[in-house]
Amino acid sequence: MKKALNLTLIALMGIALTGCKDSPTTDVEETSKKEDALQKVMTPYVHHAVIPVYEGMADAAMQLADDMGKILAASTANPASEDSMLIHEACEHWTASRMYWERSEAWLYGPADFEGIDPHIDSWPFDKTGFDDVIADAAEMKKYAEALQNNTTLDEEEYGLLGYHALEYVLFTEGKAHKVNDFTTDQWTFMAVVANDLRNQAILLEACWRGLNNVTSAKQALLRSAGIDNAAMRYSANGFGEYMTKPDEGRTFATYEAAAAQLIEGCIDIANEVGNIKIGTACFASADNDADRNYIESPYSLHSIRDFADNIVSIDYACFGAQKDDANLIDNYIKQVDEKAANNLRDAIDKSYAAIKAIPEPFYENAQSEAAQQAVAAVGTDLVNALNAVHKALTGIEYEIEEE
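Scope of this entry: the structure provided in the associated data block. (Residues numbered from 1 in each chain as written. Predicted model: local features only at pLDDT ≥ 70, side-chain atom pairs only at ≥ 80, totals over all residues. Heavy atoms only, no water.)

**Things to note about the pattern of salt bridges**
Phase 1: What the rule picks out here adds up to 21 salt bridges.
Phase 2: With a shortest N-O distance of 3.6 Å, E55 and R210 are connected by a salt bridge. Taken as a pair, E55 in helix α2 (residues 23–77) and R210 in helix α9 (residues 185–210) lie far apart in primary sequence, 155 residues in all.
Phase 3: A salt bridge links D331 to K335; its shortest N-O distance comes to 3.5 Å. Taken as a pair, D331 and K335 lie in helix α16 (residues 330–337) at a separation of four residues, close to a single helical turn.
Phase 4: One network of salt bridges, in which partners are shared, links R98, E102, E105, D122, K278, E297 and D307. (Salt bridge = Lys/Arg side-chain N within 4 Å of Asp/Glu carboxyl O. Helix = DSSP H or I, 4+ residues; strand = E, 2+ residues; numbered from the N terminus.)

Laid out in structure tokens, this is it:
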């Protein structure tokens, strides 16, 4: 029996080898075709969507930091000043930088994650109690006055006091600009430091993705001054973007398929966050759950709906391109392997955007409206499912969202 079994196994192996003779070649050819197609996708994604969005965000953040310096100077000269024009200009630059940030959230992986930039610049809700405590502490204020002079990078201990929402608190009330005398000179001092920190982190994102030497000399100087230029040098000379346009063993992505899968996974993550967390938390909060009912992003500027909509724009950019002449996109590849999935994704993005825009602002007054509930379904369920169908068409597997 033992000899007979061995002969049988040899015979079966021969059949298997004969039957599979052409398979390895076919698999290699198919893989090569797929990699060639996806290689064409990565360049417009990185260079027409990711990097320009981060560049716009950084440029507007630089203007915002300059604005905050002028506001501080005005307050120092006359704490009773009722001037609102300086703050109005800061509001405009805050809005511009904020728009770019929200339009980047489909690619929060990579440097935004690795360098801790999110949630460093986007922690919310704003910690007003902590803010008041800092302003009342002379030693703390001395530290921040020195930080302003030295362009010091703030750390995670200030979580809830940093980034867009801290600045939003001093710039806006019910969507309108404050006046200089609405806050003290110490308060403006602290926020000038926060604005510089936001500027530096925004520049760092651009530098990490495109390479330190590929941003302007002014931006390089600010990163060196803040002592964070080394973070931008952790990647290739052409930044993290090159990890997607030229994947290789030893880099974050070994193949173009892996890079493309990350592109889609970033979209799924933000669709889930917008639908089920940003909108859904407040939408389905119980009457006695104040924390969830007040889980409202950008409440002072009345930008909640804009934030949500810009997050959907980021998904659109990632999948369908940020420039009209983009030809090689992930959508084009998916159409070749699963046209229905590609068409469903286009439809789901359009419906998600429309559902969000149908929610009246201020969001905090309409978070539990029927329109908000419809947006949760459109984004948190339908768009997530459409993106997951694309992920499966691309990789053969469904993506599992990590619970927060």
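After that view of the structure, there is still more to cover.
**Side note on the nonpolar core**
Phase 1: Membership of the largest hydrophobic core comes to 130 residues, with the highest contact counts inside it found for M68, W107, L171 and I315.
Phase 2: Counting residues per element, this core draws most heavily on α2, which supplies 20 residues.
Phase 3: Contact partners of W107, with chain neighbours within four places excluded, come to Y45, A49, V50, V53, Y54, S314, Y317 and A318. (Core = buried A, V, L, I, M, F, W, Y, C linked by side-chain atoms within 4.5 Å. Buried < 20%, exposed > 50% of the residue type's maximum accessible area, 1.4 Å probe, protein only. Contact = heavy atoms within 4.5 Å.)

**Some remarks on the packing of aromatic side chains**
Phase 1: Under the defined criterion, the tally for this structure stands at 21 aromatic pairs.
Phase 2: Ring geometry for Y235 versus Y243: centroids 6.0 Å apart, planes at 70°, classification edge-to-face.
Phase 3: Between F308 and F363 the ring centres are 5.1 Å apart and the planes differ by 85°, which places this aromatic pair in the edge-to-face class. Of this pair, F308 sits in helix α15 (residues 304–320) while F363 sits in helix α18 (residues 363–366); the two residues are 55 residues apart in sequence, bridging distant segments of the chain.
Phase 4: The buried category is assigned to F308, whose relative accessible area is 0%.
Phase 5: Owing to a relative accessible area of 0%, F363 belongs among the buried residues under this scheme. (Phe/Tyr/Trp six-rings, centres within 6.5 Å; stacked < 30°, edge-to-face > 60°.)

**Observations concerning the packing of α16 against helix α19 (residues 370–395)**
Phase 1: Interaxial distance between α16 and α19 falls to 10 Å at its minimum, and their mutual angle equals 70°. Regarding the angle of α16 to α19, the classification is roughly perpendicular. When α16 is examined against α19, the residues I330, Y333, I334 and V337 are found in contact with a partner set consisting of V390, A393 and L394.
Phase 2: Class assignment for the residues of the contact of α16 with α19 results in seven nonpolar, no polar and no charged. (Axes fitted to C-alpha atoms, helices over the stretch in contact; angles between N-to-C directions. Parallel < 35°, antiparallel > 145°, perpendicular 65-115°, else oblique. Nonpolar A, V, L, I, M, F, W, Y, C, P; charged D, E, K, R; others polar.)

**Here we look at the side chain of S97**
Phase 1: With respect to the helices, strands and loops of the structure, S97 is situated in helix α3 (residues 85–102).
Phase 2: Those residues in contact with S97, other than ones at most four positions away along the chain, are M57, A60, A61 and Y164.

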